[in-house]
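Fold and contact review
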Amino acid sequence: MSIKILLYGNLASIAGISSTNIDANTVSQLLDALAIRYGEVFREKLYDSNGKPRRFINIYVNGKDYRFLKKSDTEIFPNDEVSLIPAVSGG
Amino acid sequence: MCRECGAIYPLKLLYACEKCFAPLDVSYNLENIKVTREEISQRKKNIWRYRELLPLENYETAIDLGTGLSTLHKAENLGRQLGLTQLYIKDDTVNPTNSFKDRPASVAISKAKEFGVKAVGCPSTGNLAASVAAHSAKAGLPCYIFVPSDTELTKILQASIFGANIIPINGTYDEANRLAAQVAEHYDWAFANINLRSYYVEGSKSIVFEICEQLNWETPDTIIIPLGSGALYCAIYRGLKQFKKIGLIEDKPTRLVGAQAEGCAPIASSFKEGLDDVIPIENPNTIAKSLAIGDPGDGYYVLRYAEETGGTVEAVSDEEILEAIKLVASKEGIFTEPAGGVTIAVLKKLVATNYFRSDEKVVCAVTGSGFKAADTLVKTLKKPFAIDPNLNSFIEWKENYADYRVVFAPEVIQNQRKF
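On a predicted model such as this, the values are computed, not experimentally measured, just so you know.

It is worth spelling out the overall build of chain A at this point. Each helix and strand in chain A was counted, giving two helices and five strands. Going from the N terminus to the C terminus, chain A shows its helices and strands as β-α-β-α-β-β-β. Relative to the 2.2 N^0.38 estimate, which gives 12 Å for 91 residues, the radius of gyration of chain A is 12 Å and therefore close to what a compact globule would have. A buried classification covers 32% of the 91 residues belonging to chain A.

So, on to the overall build of chain B. Helix and strand counts for chain B stand at 16 helices and 10 strands. A globule of 419 residues ought to have a C-alpha radius of gyration of about 22 Å, and chain B, at 21 Å, matches this closely. Taking the principal axes of the C-alpha coordinates as reference, chain B spans close to 70 × 45 × 45 Å. Residues classed as buried in chain B amount to 54% of the 419 residues present.

This part is about the sheet that holds strand β8 (residues 255–261) of chain B. Residues and elements named next belong to chain B. Spatial ordering of the open sheet is given by β1-β2-β10-β7-β8-β9, a layout of six strands whose pairing is mixed. Of all the strands in the sheet, just β1 (72–74) and β9 (313–316) have a single pairing partner and so form its edges. Each strand of the sheet is rotated relative to its neighbour by a mean of 25°, with strand direction disregarded. As defined by bridge partners, strand β2 (residues 87–91) adjoins strand β10 (residues 362–366) across five bridges and the pair is classed as parallel. Looking at the pairing, K90 lines up with A365 of β10. Most of the contacts of helix α11 (residues 299–309) go to β8, to which it runs at about 140°, and overall it touches β8 and β9.

Residue and element names in this part refer to chain B. Domain parsing of chain B yields domain 1 (72–99 + 203–375), domain 2 (100–200) and domain 3 (381–414). Here the C-alpha centre of domain 2 lies 24 Å away from the C-alpha centre of domain 1. Taken together, the contacts link 26 residues of domain 1 with 24 residues of domain 2. At the level of elements, α7 (197–204), α8 (206–214) and α14 (374–377) are the ones that each hand at least two residues to the side of domain 1 that touches domain 2.

This part is about the sheet that holds strand β6 (residues 190–191) of chain B. Across a sheet, paired strands are connected by hydrogen bonds in the backbone, their directions being either parallel or antiparallel. All names here are of chain B. The strand order across the open sheet built from four strands is β5-β4-β3-β6, with neighbouring strands paired in parallel fashion. In this open sheet, the two edge strands, each paired with only one partner strand, are β5 (165–169) and β6. Bridge count for strand β3 (residues 120–123) against β6 is two bridges, and the pairing is parallel. Within β6, the residue paired with V120 across the bridge is A190.

Counting residues at the interface gives 16 residues for chain A, matched by 30 residues for chain B. Elements that contribute at least two residues to the side of chain A that touches chain B include exactly α1 (9–15) and β5 (81–86) of chain A. Here the side of chain A that touches chain B is built from residues that sort into eight nonpolar, five polar and three charged.

So, about the environment of B:A139. Looking at the element boundaries, B:A139 is found in helix α4 (residues 127–139). Excluding anything up to four places from it in sequence, B:A139 contacts B:I63, B:I109 and B:K113.

All names here are of chain B. Counting 144 residues, the largest nonpolar core has V120, V132, I145, I225 and I236 as its most contacted members. Take this core: its biggest share by element is nine residues, from helix α9 (residues 231–245). Counting only domains with at least three residues in this core, you end up with domain 1 (72–99 + 203–375) and domain 2 (100–200). Beyond its immediate sequence surroundings of up to four residues, I145 is in contact with G121, C122, S124, A129, V132, A133, A159, A164, N165, I166 and I167.

All names here are of chain B. Between α4 and helix α5 (residues 153–161), whose axes approach to 8 Å, the crossing angle comes to 10°. On the basis of their axis angle, the class for α4 and α5 is roughly parallel. Contacts between α4 and α5 pair N127, A129, A130 and A133 from the former with K155, Q158 and A159 from the latter. Each residue belonging to the contact of α4 with α5 can be placed in one class, and the counts come to four nonpolar, two polar and one charged.

On to α8(B). Helical geometry: 3.6 residues make up each α-helical turn, so side chains three or four residues apart lie on a common side. Burial runs high along α8(B): eight of the nine residues are buried. Turning to α8(B), its buried residues are B:S206, B:I207, B:V208, B:F209, B:E210, B:I211, B:C212 and B:E213.

Bringing the pairing of strand β7 (residues 222–226) of chain B into the picture now. Residue and element names in this part refer to chain B. Counting buried residues in β7 gives five out of five residues, a clear majority hidden from the surface. Of the two faces of β7, the one holding T222, I224 and P226 and the one holding I223 and I225 are both buried throughout. Looking at chain direction, β7 and β8 are connected through five bridges and run parallel. Each residue of the ladder has a partner; that of I225, found in β8, is G258. Handedness of the crossover is the feature at issue here: the chain leaves β7, passes through α9, returns alongside β8, and the resulting connection is right-handed. In this structure, β7 lies alongside β10, joined through three bridges in parallel fashion.

If you check helix α6 (residues 173–187) of chain B, its first and last C-alpha atoms are 21 Å apart, about what 15 residues at 1.5 Å a residue would give, namely 21 Å. Restricting attention to buried positions, one finds in α6(B) the residues B:Y173, B:D174, B:E175, B:A176, B:N177, B:R178, B:A180, B:A181 and B:A184. Looking at the buried residues of α6(B), the elements they touch are β5 of chain A together with β3, β4 (143–148), β5 and β6 of chain B. Looking one or two residues beyond α6(B), the residue adopting positive phi is B:D188, at roughly 60°.

With that settled, consider the packing of helix α12 (residues 318–332) of chain B against helix α13 (residues 338–351) of chain B. Residues and elements named next belong to chain B. At a minimum axis separation of 7 Å, α12 and α13 run at an interaxial angle of 90°. With respect to their mutual orientation, α12 and α13 come out roughly perpendicular. Two secondary-structure elements touch here, α12 through E320, I321, L322, A324, I325, L327 and V328 and α13 through P338, G341, V342, I344, A345 and K348. Along the lines of polarity and charge, the residues of the contact of α12 with α13 split into 10 nonpolar, one polar and two charged.

Bringing unusual backbone geometry into the picture now. Notably, A:N79 is not glycine yet its phi reads approximately 75°, a positive angle. With respect to the helices and strands, the residue A:N79 is situated in the loop between β4 (64–65) and β5. Take A:N79: there are 11 C-beta atoms within 10 Å of it, and that puts it in the exposed class. Phi at B:F21 is positive, roughly 70°, even though this residue is not glycine. Relative to the helices and strands, B:F21 resides in the segment before α1 (37–41).

Here is what the cut-offs are and how they apply
For every chain, the first residue of the written sequence is number 1, and numbering continues from 1 along that sequence. Going through the entries in the order they are written, you letter the chains from A and number the ligands from 1. Where totals are concerned, whole chains, interfaces and linings use all residues; where local detail is concerned, this predicted model gives features only for residues with pLDDT of at least 70, and gives and counts side-chain atom pairs only at 80 or more. Think of it this way: any DSSP run of H or I at least four residues long counts as a helix, any run of E at least two long counts as a strand, and we number them from the N terminus. Only C-alpha atoms enter the radius of gyration, while the globule expectation follows 2.2 Å times N to the 0.38, with N the number of residues. Residues are called buried when their C-beta atom has 20 or more other C-beta atoms within 10 Å, exposed when it has 12 or fewer, and partly exposed otherwise; all C-beta atoms are positioned from the backbone. Should DSSP find at least two bridges between two strands, the strands are regarded as paired. Axis angles are defined between N-to-C directions and span 0 to 180 degrees, where every axis is a line fitted to C-alpha atoms and, for a helix, only to the segment in contact. Residues are scored as being in contact if the C-beta atoms we place from backbone atoms lie within 7 Å. Reported domain spans reflect what an automatic or database domain assignment gives. In this classification, the charged set is Asp, Glu, Lys and Arg, the nonpolar set is Ala, Val, Leu, Ile, Met, Phe, Trp, Tyr, Cys and Pro, and all remaining amino acids, among them Gly, are polar. For our purposes the nonpolar core covers buried Ala, Val, Leu, Ile, Met, Phe, Trp, Tyr and Cys residues that link as a set through C-beta atoms within 7 Å. Under this scheme an angle from 65 to 115 degrees is roughly perpendicular, one under 35 degrees roughly parallel, and one over 145 degrees roughly antiparallel; angles in between are oblique. A crossover counts as right-handed when, viewed with the strands pointing away from the observer, the path leading from the first strand over the helix to the second turns clockwise. To estimate the expected span of a helix, subtract one from its residue number and multiply by 1.5 Å.

In structure tokens:
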């Protein structure tokens, strides 16, 4: 199942692209697949030392914050769009 | 410098640490700062009197509309009612665009000018919109403002009059924020609270620098601060530390109290539950629209600093907010927007729990003018009635309606639960 991924900030710089497609059934699978595709430096940016997605990266599934869905267990479907955006620290 | 991993970057347009994505703060070589109280007191009455602790290469090129040194009222009437002998209100309704946001906007747009950017902007709940728009007009820069579509018209009017492009978003502030971050990156524009954020928040420190100076260089015991994203709270925390470090005030503790509305209280809820991070809320619903940020970027740090300073984070209802607006207006002659009502309502709530010593120096931050939220507040008005233009009519009015007050009729409030 092909999911559209949009990357922003330093994640896009490291991956070398700002948009790609990937096959996955959940957000968790999608993040793992991205880490495998774009290598160790990308993985380090994506996950904290406990192996969880970093708290300063926001993940949106079809524009909805994944924390308001089922977090890493959120199911994703063909043609869904997932955005990974460094969190904006208010103001 | 990264707030989490300590990575150091040169001064440039950057909105998060490139290593761990945590917020970046401007760091200063505090050991080398030798400014004295006397030197500061002789400078112009604007935020640039604290120039050593603001991040501009040349303060003389600052985009300055006259922001700063707003009044610190000794709130004797309100203090008497609440049993506090040293209660103060920092009145930032008197800044050029009538809110504290002129402080960070002045620094952010000045820095944008220094960087030579093509355009500026921000996502906003309304107050920052007007302030960034005004400063960009003065700087001669195109300006793009992203606001939730339910933002008060008075705030949109104010931003529009300065010539900014206003983009209302069908969504919450958090969604406007996300879109603005994408736009800033796509066009390489400078947005005040996004890729200029590290500089922007520095301007907010000036509110606590002024409080200390206006208290005759004494350290306040407690400061009550309204919380939207938590950026102002964190700026006050850092400002106090810096003033203490360079010896301008005595190194004694200041409790920092955060104030939220119950309709959008993700930080207060997490604090009460003893959590170490904030659980965002999806759909804020409060009359305090300038604080309606469900995913507060600095909430995580507010939790830490509230614990560290011995402070707390409280939430109050919309009814308590309206009562507090009326209270501070009738006792001290200050007309605040709902965010300031949140501060005063939290003060009242804490007084009821004996949180304060009667003689401690308590400062409440009133951060925006009531006129900026006029279309929210006007919904709560009881319509005034007219009398005939003769003395008898007045005498009749005085005998029958002397206690009549136009503002915030309770039955009207009940009918306006959805704002």
